[in-house]
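# Structure assessment
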Amino acid sequence: MRDYTALVERVKAAARPPVSWRVYGQQITPDGAERYDLLLVRVPAARPSPVGKRHAATPQPRTVRRVLLNGGTHGDEPAGAEAMVRFLEQRRYERWPDVEFTVLPCSNPWGYVHDRREGPGGRDLNRSFRRAGRLTREVTLLKRALGRRRFDLFVDCHEDVDAPGLYVFAPATLGRAIVEAVRGLGPLHPGPLVDGQIPVKDAVVELDSERARENRRAFKTGPLPFYVARYRLRLPPPAAATASILTVDPAQQLERVLQATVETPTVLPLDQRAAMHLAAIDAALATIHAGPAPSGAASRAVPSATVPGAGRRSPHASAGLLRPATRGAPVGLRPMGPWAGAQSPLVIAAERRAQRRWARMRGDRVAGVSR
C-alpha cells in the first residue's frame, strides 16, 4: 500500500504562497470506512505576457495562459501523481511566469493507496466523465471544482503496464515536441500499434488515421481528456484572420487543440518515469509559448466564424460555444433587409450547427482513446 497521507503533506509543504491548495471534496468508499481528501492546487501567474504588437506609447494589454495538469486518475499509475508533486516541489512553474496553473496531484487517492486502476466504487474513473453516477462521485466533484474555467493547455499523465516505451495522445505538432523532449530520458514506443489496435507513429498516436477514427466511433465511454477537450479548452486564434469554422480544414482545427495524454512504461523505475512526465510537461508549455497568445473573449472557447465581433457572448458560451459575428459570414448567409448589421436567425442557426459539429468532433478526435 502507498502512503497517500505522505503525498498530501508533500503537496501542502510545496504549496508556499502565492501558491495555494484546497480540498474540493472527499473520495469515500461505499462502506464509508475510508475517506481521502481530494486536492486542487492553484499557481497564479506572476507576470502576464503582452498580447500582440503596440506602439511604444500605447500600453500593451496582457494575457494569462491557463494550464491544467492532472495525475493519478488510475491508482496503479503512480508516476503521474509523483510528477505533479515534483512539479510543485521543484517550483518548475517559475519557468513560466505568465502561466496560471491548476494542478490535480492525485484524482484517485483510493486507487493510489491500494494500487488499483479503478475507484472505490469499482468503476474506471477515466471512463466516467460522460455521465458520472453514484459509484463515481469523485468525477462529479472534479467537474464542479473546475467550475467554468477554461484552459489553453491540458496535460494528463498516465502509464501503460504493457508498453515498451513512452507514447502520447496529442495533435501531431504537440506530440512530436513532447517525444523529442523525452527521447534522451527513456525508451519510446516503437509502434505500429498500442494494444494491437491504436495506431502509433514515432511514439505519437495518429489521431487522424482511419483506424483511429474507427476505434473512437466504437468507444462509448467518457475519459477526462474527452471532457476537457469538449468543455474546458479554449483555442488560440486561427492563423488566417478570415478563417471560418464553416470552412477551416478539420486537420488544421485539430492541430490548434493543445492537449496531451502522456503514457510512460511502468517497467521503468519510478524516478525515471516521473522525469519523463516532467520533460513532457515542459515541452508542452514551450509549445503554447511558440504559438499565438489567447486574447479577450474570442479565446474562451471554440473560435467563432470570423474574428471581427468574436467577443459577443451567447447563452451557448457556457457549453463551450461563442455566438459568431455576422460580419464576414459566407455571402449566402449574410442578413438582408431589416436584419442588415444584426444577427440573422439563418446565420445564427447555420453557424451554431457548425460549432456543435466541431465541439463533438473536438471531444472525439482530439482526446483519442486514453488508457
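For the structure itself, look to the data block above.
My aim in this report is to walk through the structure given alongside it, one point at a time. Position numbers for residues start from 1 in each chain and track the written sequence from start to end. Selection of residues for local features in this predicted model requires a pLDDT of at least 70, selection of side-chain atom pairs for listing and counting requires 80 or more, and totals for whole chains, interfaces and linings are taken over all residues. Side-chain descriptors were evaluated using all non-hydrogen atoms of the structure, hydrogens and water having been removed beforehand.

### What to know about the overall build of the protein chain
Strands here mean DSSP runs of E at least two residues long; helices mean DSSP runs of H or I at least four residues long; both are numbered from the N terminus. The secondary structure content of the protein chain amounts to ten helices and twelve strands. A sequence separation of at least 24 residues applies to 72% of the contacts in the protein chain between residues at least 6 apart. Each accessible area value is a Shrake-Rupley result obtained with a 1.4 Å probe; residue values ignore everything except the protein chains displayed when judging cover. Per element, the accessible surface of the protein chain, about 15900 Å² overall, is 53% carbon and sulfur. Note on contacts: a residue pair qualifies if any of its non-hydrogen atoms lie within 4.5 Å across the two residues.

### Remarks on helix H7 (residues 224-231)
Relative accessibility under 20% of the residue-type maximum defines a buried residue, over 50% an exposed one, and the middle range a partly exposed one, all with a 1.4 Å probe and only protein chains included. Among the eight residues that make up H7, six are buried, leaving the element largely enclosed by the rest of the structure. The complete set of buried residues in H7 reads Leu-224, Pro-225, Phe-226, Tyr-227, Val-228 and Ala-229.

### Comments concerning the environment of Ala-203
For Ala-203, the location among the structural elements is in the loop between strand S10 (198-201) and strand S11 (204-205). Distance in space between the C-alpha atoms of Ala-203 and Leu-193 is 9.7 Å, their sequence separation being ten residues. Residues within four places of Ala-203 in sequence aside, it is in contact with Leu-166, Tyr-167, Val-168, Val-179, Leu-188 and His-189.

### Some thoughts on unusual backbone geometry
Note the cis peptide between Pro-17 and Pro-18, where omega equals 10°. Mapping Pro-18 onto the fold places it in the loop between helix H1 (4-14) and strand S1 (20-28). The omega torsion of the bond from Gly-191 to Pro-192 falls at 0°, within 30 degrees of zero and hence cis. A positive phi angle, close to 55°, is found at Asp-202, a residue other than glycine. Tracing the backbone through its elements, the reader meets Asp-202 in the loop between S10 and S11. If you check the backbone angles, Ala-203 has positive phi at about 70° while not being a glycine.

### As for the pattern of salt bridges
We define a salt bridge as a side-chain nitrogen of Lys or Arg found within 4 Å of a carboxyl oxygen belonging to Asp or Glu. This structure, assessed with the given rule, holds 17 salt bridges. Where Glu-77 meets Arg-117, a salt bridge forms, and the shortest distance between an N and an O atom there is 3.6 Å. Of this pair, Glu-77 sits in the loop between strand S5 (65-71) and helix H2 (78-89) while Arg-117 sits in the loop between helix H3 (109-114) and helix H4 (137-146), and the two are 40 residues apart along the sequence. Across the pair Asp-282 and Arg-95 runs a salt bridge whose closest N-O atoms are separated by 2.8 Å. Of this pair, Asp-282 sits in helix H9 (residues 270-290) while Arg-95 sits in the loop between H2 and strand S6 (99-104); the two residues are 187 residues apart in sequence, bridging distant segments of the chain. Three or more residues are tied together by salt bridges with common partners; here these are Arg-10, Glu-82, Arg-86, Glu-89 and Asp-271.

### Some remarks on the nonpolar core
The biggest cluster of nonpolar side chains holds 53 residues, and the ones touching the most others in it are Tyr-4, Leu-69, Leu-88, Phe-101, Leu-153, Ile-178 and Leu-285. Ranked by residue count, the leading element in this core is H9, at nine residues. The contacts of Ile-178, once residues within four sequence positions are left out, are Val-168, Ala-260, Val-262, Ala-280, Ala-283 and Ala-284. Only buried Ala, Val, Leu, Ile, Met, Phe, Trp, Tyr and Cys residues count toward a nonpolar core, and they belong to the same one when joined by side-chain atoms within 4.5 Å. Formed by 21 residues, the second largest nonpolar core is a distinct cluster that contains Leu-141, Leu-142, Leu-146 and Val-257.

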